[in-house]
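Below are the chains, spelled out letter by letter.
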Amino acid sequence: MANILICDDDQAIVEAIAIYLEQEGYQILKAYDGEQALRILKNDPVDLLIIDVMMPKLDGIRATLKIREENSLPIIILSAKSEDADKILGLNVGADDYVTKPFSPLELVARVKSQLRRYTRLGAAVNSENAHIYETGGLSVNDDLKEVRVDGEPVKLTPIEYNILLLLVKNQGRVFSINQIYESIWNEEAVAADNTVAVHIRHIREKIEINPREPRYLKVVWGLGYKVEKL
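If you're wondering where the values come from, they're calculated on a predicted model, not measured in any experiment.

*Asks:* When you look at the packing of helix α6 (residues 159-170) against helix α8 (residues 194-208) in this model, what are you seeing that I'm missing?
*Replies:* In helix packing, the relevant descriptors are the interaxial angle and the interaxial distance, both defined with respect to the helix axes. As a packed pair, α6 and α8 sit with axes 10 Å apart at the nearest point and diverge in direction by 80 degrees. Viewed along their axes, α6 and α8 adopt a mutual orientation that is roughly perpendicular. Here α6 contributes I160, E161, I164, L165 and L168 to the contact with α8, which in turn contributes H200, I201, H203, I204, K207 and I208. Taken together, the residues of the contact of α6 with α8 sort by class into seven nonpolar, two polar and two charged.

*Asks:* Hey, could you run me through the sheet that holds strand β4 (residues 75-79) in this one?
*Replies:* Two modes of strand pairing occur in sheets, parallel and antiparallel, and in both the strands are linked by backbone hydrogen bonds. Here five strands make up an open sheet; going across it, the order is β2-β1-β3-β4-β5 and the pairing parallel. Both edges of this open sheet fall to β2 (27-31) and β5 (97-100), since each of them pairs with a single strand only. When the angles between neighbouring strand axes are averaged without regard to direction, this sheet yields 20 degrees. By the bridge criterion, four bridges tie strand β1 (residues 3-7) to strand β3 (residues 48-52) in an arrangement that is parallel.

*Asks:* Teacher, can you tell me more about the nonpolar core here?
*Replies:* The nonpolar side chains of a soluble globular protein tend to be buried, and buried together. I164, L165, L168, I181 and I208 are the most contacted members of the largest nonpolar core, which has 30 residues in total. The set of elements that each furnish at least two residues to this core consists of β7 (139-142), β8 (147-150), α6, α7 (178-186), α8 and β11 (225-228). Take this core: its biggest share by element is eight residues, from α6. Every residue in contact with I208, bar those within four places of it in the chain, is listed here: L139, V150, V155, L165, Y217 and L218.

*Asks:* Which parts of the structure should I look at to understand the sheet that holds strand β9 (residues 153-155)?
*Replies:* Spatially, four strands are ordered β6-β7-β8-β9 in an open sheet, and the strand pairing comes out antiparallel. Because the sheet does not close on itself, it has two edges, and the strands there are β6 (133-136) and β9. Across the sheet, the mean angle separating the axes of adjacent strands is 25 degrees when strand polarity is ignored. Where β7 meets β8, four bridges bridge the pair, whose relative direction is antiparallel. Pairing of L139 across the sheet is with V150, part of β8. Sitting on the sheet, α6 is in contact with β6, β7 and β8, with an inclination near 110 degrees to β7.

*Asks:* Explain α6 to me, please; I cannot follow it from the model alone.
*Replies:* Given 3.6 residues per helical turn, the α-helix brings residues three or four places apart onto the same face. Compared with an ideal rise of 1.5 Å per residue, which puts twelve residues at 16 Å, α6 spans 16 Å between its outermost C-alpha atoms and is within 8% of the ideal. Of all the twelve residues making up α6, eleven are buried; the element is thus mostly covered by neighbouring parts of the structure.

*Asks:* In this structure, what is going on with a nonpolar patch on the surface? I would like to understand it.
*Replies:* A cluster of nonpolar side chains, contributed by I19, Y20 and L106, occupies part of the molecular surface with about 310 Å² of accessible area. Within the secondary structure layout, Y20 lies in helix α1 (residues 11-23). Given a relative accessible area of 34%, Y20 falls into the partly exposed group.

*Asks:* In this structure, what is going on with unusual backbone geometry? I would like to understand it.
*Replies:* Excluding glycine, residues mostly carry a negative phi; peptide bonds, for their part, are mostly trans. Across the junction of K101 and P102, the peptide omega takes the value -5 degrees, indicating a cis bond. Mapping P102 onto the fold places it in the loop between β5 and α5 (105-123). Located in the positive-phi region is K57, a residue other than glycine, with phi close to 70 degrees. Considering the arrangement of structural elements, one finds K57 in the loop between β3 and α3 (60-67). When its relative accessible area of 60% is taken as the criterion, K57 is described as exposed. Positive phi is not limited to glycine here, since K146 has a value of about 55 degrees. Within the secondary structure, K146 sits in the loop between β7 and β8. What makes K146 partly exposed here is its relative accessible area of 21%.

Calculation notes
- Residues numbered from 1 in each chain as written.
- Predicted model: local features only at pLDDT ≥ 70, side-chain atom pairs only at ≥ 80, totals over all residues.
- Heavy atoms only, no water.
- Axes fitted to C-alpha atoms, helices over the stretch in contact; angles between N-to-C directions.
- Helix = DSSP H or I, 4+ residues; strand = E, 2+ residues; numbered from the N terminus.
- Parallel < 35°, antiparallel > 145°, perpendicular 65-115°, else oblique.
- Contact = heavy atoms within 4.5 Å.
- Nonpolar A, V, L, I, M, F, W, Y, C, P; charged D, E, K, R; others polar.
- Pairing = 2+ DSSP bridges.
- Core = buried A, V, L, I, M, F, W, Y, C linked by side-chain atoms within 4.5 Å.
- Buried < 20%, exposed > 50% of the residue type's maximum accessible area, 1.4 Å probe, protein only.
- Expected span 1.5 Å × (residues − 1).
- Patch = residues over 30% accessible without salt bridge, like charges linked within 9 Å, V, L, I, M, F, W, Y side chains within 5 Å.
- Areas by Shrake-Rupley, 256 points an atom, 1.4 Å probe, with all protein chains shown as cover.
- Salt bridge = Lys/Arg side-chain N within 4 Å of Asp/Glu carboxyl O.

Here is the structure:
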């Protein structure tokens, strides 16, 4: 079963989340500031991180930035703030999901399960003579190896980024609306999904495009949505 690290300076919240996740069979690690979380990640296997934004020593935003320098594990950010700007900031620094306090523990458990399913699929590399490889120009996505390459060079994507790119590259030339992308990837109804999808699209472009401002592969169709160009 997966190892989950919970990081929040409010110990009562850490304990409450731990109780619900332990009931689902997960192994729980606990941290109470960003620096402690980073130390645990260096020394222990962690499959998913739940981290609060506002913490002493090292807050959740800066901790996520440091983690993303070398780790693509799923990260769910917690915050008492509900403004879109804070949600976008969390996604901008590399978080996969965002939950606003106060939250339903059952909703958090469902989001944990969803992120772990994506992460498990992304990491389940298999060798196959009949690999599902999708290519356009110099962009190649091998869905059996869960590997993305641009002009032969490997590209490291988070699970959400990978799944969005896979959806589009499997359907080259087809335009997907923001709501279609959100509902396909998050498996839930799209409500005010514009900013969430746009942030992830920008991250993908920064990783696969030579010039993200003039993308060759991942293009916007104004007023309609996004597509991967068939080259």
